[in-house]
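Inside the fold
Single-letter residue listing:
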Amino acid sequence: MSYELILVETRGRVGMITLNRPKALNALNDNLVDEIGKALDGFEADENIGAILITGSEKAFAAGADIGAMATFSYMDAYKGDYITRNWERVKTCRKPVIAAVAGFALGGGCELAMMCDIIIAADTAKFGQPEIKLGILPGAGGTQRLPRAVGKAKAMDMCLTARFMDAVEAERAGLVSRVVPADKLVDEALGAAEAIASYSLPVVMMIKESINRSFESSLNEGLLFERRVFHSAFALKDQKEGMAAFVEKRKPSFDH
Ligand code: CO8
């Protein structure tokens, strides 16, 4: 499989996607989003991959949807063409964990792409924003829905209505990102996190992802019931026998994946 707008590689059990449209600060278009989808399809089908990393460049994770491409759109172009969003949810539907490693700008669709991932690890240079209002549009790929869930209503309103950027320190304080690291350590840190995840039992990793995501879609009682059922099912796994036996025998577990 060859790609034009992303770089795709594997590092051990981690699948890595690097957005690669440097001249446009990784602005997102249909082809780029489709390529991300294809890379995810490949990693998802590959039993040797346990976690996925999406990153950009030092200057930009992604500076949003391609404004030049959208500038002359009519309503019908946007609606019928389903620009950018036709394959957008593929990141969300990926059953293996996806980590976003963000340096520089993560704006508009770039911020929305990062928010679709399961964990955001930010470089100290990261800047998050939903500046669509300055273009006479609004966030269209999850910004008004995922941002308030991540940072609360007040900050989400502030960012979407004023178009101000949030730096990495504020983003961590607000709960948008899980860790902030020096920019030159970003990929190593994010790969370390991905490698740790990929070293565990893949079915258990997938169950945890599914259960946490369920908490956003259900009442607490429904979510707790879902978690309990999935928890019980973990006892059907060889990996549970191995994990607990290894603890008892004071050795490292060797999971099947
Ligand atoms: N689209 C297209 N090109 C872009 C974009 C973009 N979003 N962002 C940057 N570029 C290009 C610039 O045009 C420039 O190209 P060139 O060198 O040919 O002039 C190059 O990247 C470098 O950019 P700058 O010279 O502007 O670099 P600066 O360091 O001065 O500024 C900024 C960096 C602050 C990131 C600035 O480029 C900027 O404000 N970019 C736009 C940010 C933005 O508004 N993003 C939101 C876009 S709308 C969106 O994402 C909606 C998503 C909804 C999807 C669903 C659609 C239906």
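Residues numbered from 1 in each chain as written. Predicted model: local features only at pLDDT ≥ 70, side-chain atom pairs only at ≥ 80, totals over all residues. Heavy atoms only, no water.

What follows concerns the pairing of strand β7 (residues 119-123). Counting buried residues in β7 gives four out of five residues, a clear majority hidden from the surface. The pairing of strand β5 (residues 98-102) with β7 spans four bridges and is classified as parallel. Following the sheet pairing, Val-102 is matched in β7 by Ala-122. Sheet topology note: the β7/strand β10 (residues 179-181) ladder contains three bridges and is parallel. Opposite Ala-122, over in β10, you have Val-180 as the bridge partner. (Buried < 20%, exposed > 50% of the residue type's maximum accessible area, 1.4 Å probe, protein only. Helix = DSSP H or I, 4+ residues; strand = E, 2+ residues; numbered from the N terminus. Pairing = 2+ DSSP bridges.)

Take the side chain of Asp-30 next. Positionally, Asp-30 belongs in helix α1 (residues 30-45). Looking at Asp-30, the relative accessible area reads 13%, which means it is buried. A polar side-chain atom of Asp-30 sits 2.6 Å from the main-chain amide nitrogen of Ile-84. Leave out the neighbours within four places in its chain, and Asp-30 touches Asp-82, Tyr-83, Ile-84 and Arg-86. (Polar contact = N/O pair within 3.5 Å; in protein donor to acceptor, adjacent residues only side chain to side chain. Contact = heavy atoms within 4.5 Å.)

Before going further, it helps to examine the packing of aromatic side chains. The full count for this structure, using the stated rule, is four aromatic pairs. Here Phe-73 and Tyr-83 contribute two aromatic rings whose centre-to-centre distance is 5.0 Å and whose plane-to-plane angle is 85 degrees, an arrangement assigned as edge-to-face. Remark: Tyr-83 occurs in the loop between α3 (75-81) and α4 (90-93) and Phe-73 occurs in the loop between α2 (67-70) and α3; sequence separation between them is 10 residues. With relative accessibility at 31%, the residue Phe-73 sits in the partly exposed group. A relative accessible area of 15% means that Tyr-83 is categorised as buried. Ring geometry for Phe-231 and Phe-235: centres 5.3 Å apart, planes at 85 degrees, overall edge-to-face. Exposure remark for Phe-231: the relative accessible area of 47% places this residue in the partly exposed category. Exposure remark for Phe-235: the relative accessible area of 37% places this residue in the partly exposed category. (Phe/Tyr/Trp six-rings, centres within 6.5 Å; stacked < 30°, edge-to-face > 60°.)

Enumeration over the complete set of coordinates arrives at 16 salt bridges. The salt bridge partner of Arg-21 is Asp-66, with a shortest N-O separation of 2.9 Å. Of the two residues, Arg-21 sits in the loop between β2 (14-19) and α1 while Asp-66 sits in the loop between β4 (60-62) and α2, which places them 45 residues apart along the sequence. For Arg-164, the salt bridge goes to Glu-170, with nearest N and O atoms at 2.7 Å. Take Arg-164: its relative accessible area is 27%, and that puts it in the partly exposed class. Given a relative accessible area of 11%, Glu-170 falls into the buried group. Shared partners join several salt bridges into a network, and the residues in it are Lys-155, Asp-158, Arg-164 and Glu-170. (Salt bridge = Lys/Arg side-chain N within 4 Å of Asp/Glu carboxyl O.)

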